[in-house]
Each structure stands twice: as structure tokens, then as C-alpha cells.
Amino acid sequence: MQNDYLDYFLFPRLTLSEQDFRGLAVFLPKLSIFQVATPAAIPEWCRDRFTGRPFIRDPEFLGLVKSGIQGYRAFAEAHGGGGMMGYLSQALDDMSDTRFRIQEELRGKYPVQMDPATIDLLRSAIFLDISRELDDRAQELDSSYARADKIEKQFRDILGIDEDEAGEVPEDMSIPLLPESSSHEYMLPERIRNWFHLFAVESPGSMPVFVTTDPDALRETLDIIHPAVNREGKDFEVFEFSLGAFPRPDQLGQKQFLSLTESPGSPALLASYRENLDLFLRKAAESPRPGTLESEAETLAKGLRKFCGDCDIEDLVTLRLTLPQGLTISDIEAVLGLGTAPGDRQNSSTTGGMDSETRPALFLCLE
């Protein structure tokens, strides 16, 4: 079996926070991130294993995508308001409406010869790139919240205020400087469908593994697929396996994180874990027997327990495999209405004789 047999894809997003990059870099041997009109923002330190995968290779089609994004930027700014975040969410809301095609056709952005399938693909590309920008803005806000929260804690320390005394502090001084951070995941079902639309066209010949740092995205995906698969008379039983845990990166300073991952023996241990993870997932794809996989998952997880004992942090991030028994890539595409003729795919190669009809759906979630 070839070394590049497994292909790890970030879904359904096109961007990650620095902390998510750290967490995934601990576990994964590699990761591909779709990029549409904007290159994937990948930190320099992990570019040896994490790469952006350009989806659009046709300059003319890329020009249409960029033009569509600019058109929605102008439209939402003129009719929406609420700043940059307001325009982005407004754009996504507008794109879920059938007015999208009417607006774009009136602007003359579609060539006359463009078929409906290509128009739908254009819509998906524009939607995902705007979603990426929305996520980037949300991460900037989260970073600002975190910095302000740190300043607030330092301020309380200077005043000698601890958590037990918070209730005794005058009301004006006990109010947090910032509201609690909330999820910035807009229109999650649409994100999922549009991401898989790009994936269905890309159709990598290797065995895909879908990776997410958002448990809600995984649950939503299964909730969408489950009833449709049942209506087809197929069983839908989901198995989960814990594949290891590591101190949560956002609880570690940069020096502490590096001391754990770069101390003598650690690079070799992590490299061994990633290689064993790859082997485990190949076995799960070829012969998904839950009983056998359970014991092998436990053996795999033991490879990271050293790190849990080498620091005082009890808050751990866990990598889990979700394996819907009998679910194939073809099933997902059919449920989402993304059936694509093999000749229409950008990459029609196959690996190990597998295609979307036989490739099982493997989901990894860092939570």
C-alpha cells in the first residue's frame, strides 16, 4: 500500500486558529486544507506536514469567484451594515436565497454558456471563501477577547481581588470587560454541503479522512446523513474510538508546549504515534471490525500517555475516530445531492481499487 494512501482533509472549514494547528500537529502525520480564492493560512512551523490544496486551477473560473466575492461585498455593505462581520454574515444569508443567481446574472458575471452545475459550483466556492473570511475575523475577535481577559485578570491581581471575593466587589468593578465568547459558526449545514461539493469535484484518488476541530460540525453532518441513509434501507450504526489525548494547547504557553514536544525522545515518540495512527486508520478503512479496532485504538492511545504525565495540566484534548458502519463517500454525496459523473471529476485516479462507491467515511475530531 502506498505511503500517500490516506489523505487527511480539514472540513468543513478553510482556516484554523493557532491553537488548533498546534493540537492537530501533535496527532496528524499530514493535513490538506482547501483553498479557493485565498491561500490557506498555515503557520511556517508546520508547513512540512500541513498544506493548502488549491481547488480552482482555471484562471477564468477563479476570476469569476473573486468577482462574485467582490460583488457580494459591495451588495452587503450597501444593504446590510454592522461592519465587516455584518457584511460577511449578510453575504452568507443572501447566498442561501435563490436571489443569488438572479443577482449575479443581472450583473452579467456568468458567461452565457455556463451550465447550471458550474454555476452551482461557483456558488459553493464563493460561499466557502466568504465563510473563511468570516472565520478569520471571528478568530481575531477571540484573540482580542483572550488578551482583554488576561488584562482583566492582571488588573484583579493588582487590586488583590481573587475569585472568592468577586461577589464582594462593587458591581461596576465585578463586571467582566468582555462578554463570553460565542460560536461564530454561521449556517453550518450550508458549510457542510458546500465543502463536500468541492470535495466531490476534487475527488482525490487516495483514501480520505475528514478532520474537524468542531464537534458540532461532525454531529450536524451525521444528523443530515442518518435519516436519509435509513430511508434507503441501510443500517446506520456509529462507532467511536478514542485515539489518544494530549494537554490542551491553549492551556500551555509556547515554551511549555515546545518543552513537551521537543524534549529528548519526544519527536521520535510523536512521529511513531503518527505513523501508527496512519496504519490504524488504513486498517479501519479496509476492515472496519469494531471489536478488533477497540483494542488497537487503546494500544494507539497509550503512545501519548507520557505527555499527560509530564505536566500538571489535567485539561486534555482528545482525538476521536467516528466510524459510521457501512457509510461510504458515495452515500454522503448522494444524500447531499452531489452525485458527479466520474468523467466530470478533476481527479479521476484511484488508489488501491477504491472509489467513492467503496471508500468508507472516516471522521477524526479533535475535541
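Sequence order as written defines the numbering, with residues in each chain counted from 1. Per-residue local features of the predicted model are confined to residues with pLDDT of at least 70, and side-chain atom pairs are confined, for both listing and counting, to 80 or more; whole-chain, interface and lining totals are unaffected and use all residues. Hydrogens and water molecules were not included; the side-chain quantities draw on all heavy atoms of the structure.

Enquirer: Is there a simple way to explain the overall build of the chain in this structure?
Expert: A count of helical and extended segments in the chain gives 13 helices and seven strands. Under the scheme applied here, a residue whose accessible area is under 20% of the maximum for its type counts as buried, over 50% as exposed, and between as partly exposed, the area being computed with a 1.4 Å probe on protein chains only. Counting only residues that meet the buried cut, the chain has 48% of its 367 residues in that class. At a minimum sequence separation of 6, the contacts of the chain that also span at least 24 residues come to 79%. Split by element, the accessible area of the chain, about 17900 Å² in all, is 50% carbon and sulfur. Helix numbering and strand numbering both begin at the N terminus, where a helix is a DSSP run of H or I of at least 4 residues and a strand a DSSP run of E of at least 2. Residues count as neighbours in contact if any of their non-hydrogen atoms are within 4.5 Å of one another. With residues, only the protein chains shown are counted as cover, and all accessible areas are computed by Shrake-Rupley using a 1.4 Å probe.

Enquirer: What should I look at first to understand helix α7 (residues 188-202) in this one?
Expert: Residues spaced three or four apart along an α-helix face the same direction, because each turn holds 3.6 residues. Taking 1.5 Å per residue as the helical rise, α7 with its 15 residues ought to reach 21 Å, and the 21 Å between its terminal C-alpha atoms agrees with that figure. Of all the positions in α7, only Leu 188, Arg 191, Ile 192, Asn 194, Trp 195, Phe 196, His 197, Leu 198, Phe 199, Ala 200, Val 201 and Glu 202 are classed as buried. Multiplying 1.5 Å by the helix residue count minus one yields the expected span of that helix.

Enquirer: Just to check I follow, could you spell out the side chain of Arg 191 for this structure?
Expert: Mapped onto the elements of the fold, Arg 191 is located in helix α7. Taking relative accessible area as the criterion, Arg 191 reaches 0% and is therefore assigned buried. For the purposes of these results, a polar contact is taken to be a pair of N or O atoms within 3.5 Å, where, inside protein, one atom must be able to donate a hydrogen and its partner to accept one; residues adjacent in sequence count only when each atom of the pair is a side-chain atom. Here the side chain of Arg 191 touches Asp 135 through a polar contact of 3.0 Å, side chain to side chain.

Enquirer: I'm lost on the pairing of strand β2 (residues 31-35) in this one. Help?
Expert: Side chains on a regular strand alternate between the two faces of the sheet. Most of β2 is tucked away, with five of its five residues classed as buried. By the alternation rule, side chains of β2 split into Leu 31, Ile 33 and Gln 35 and Ser 32 and Phe 34, which are all buried. Should DSSP find at least two bridges between two strands, the strands are taken to pair. Here five bridges tie β2 to strand β3 (residues 50-54), and the two strands are oriented parallel to one another. Across the sheet, the residue bridging to Phe 34 is Arg 53, located in β3.

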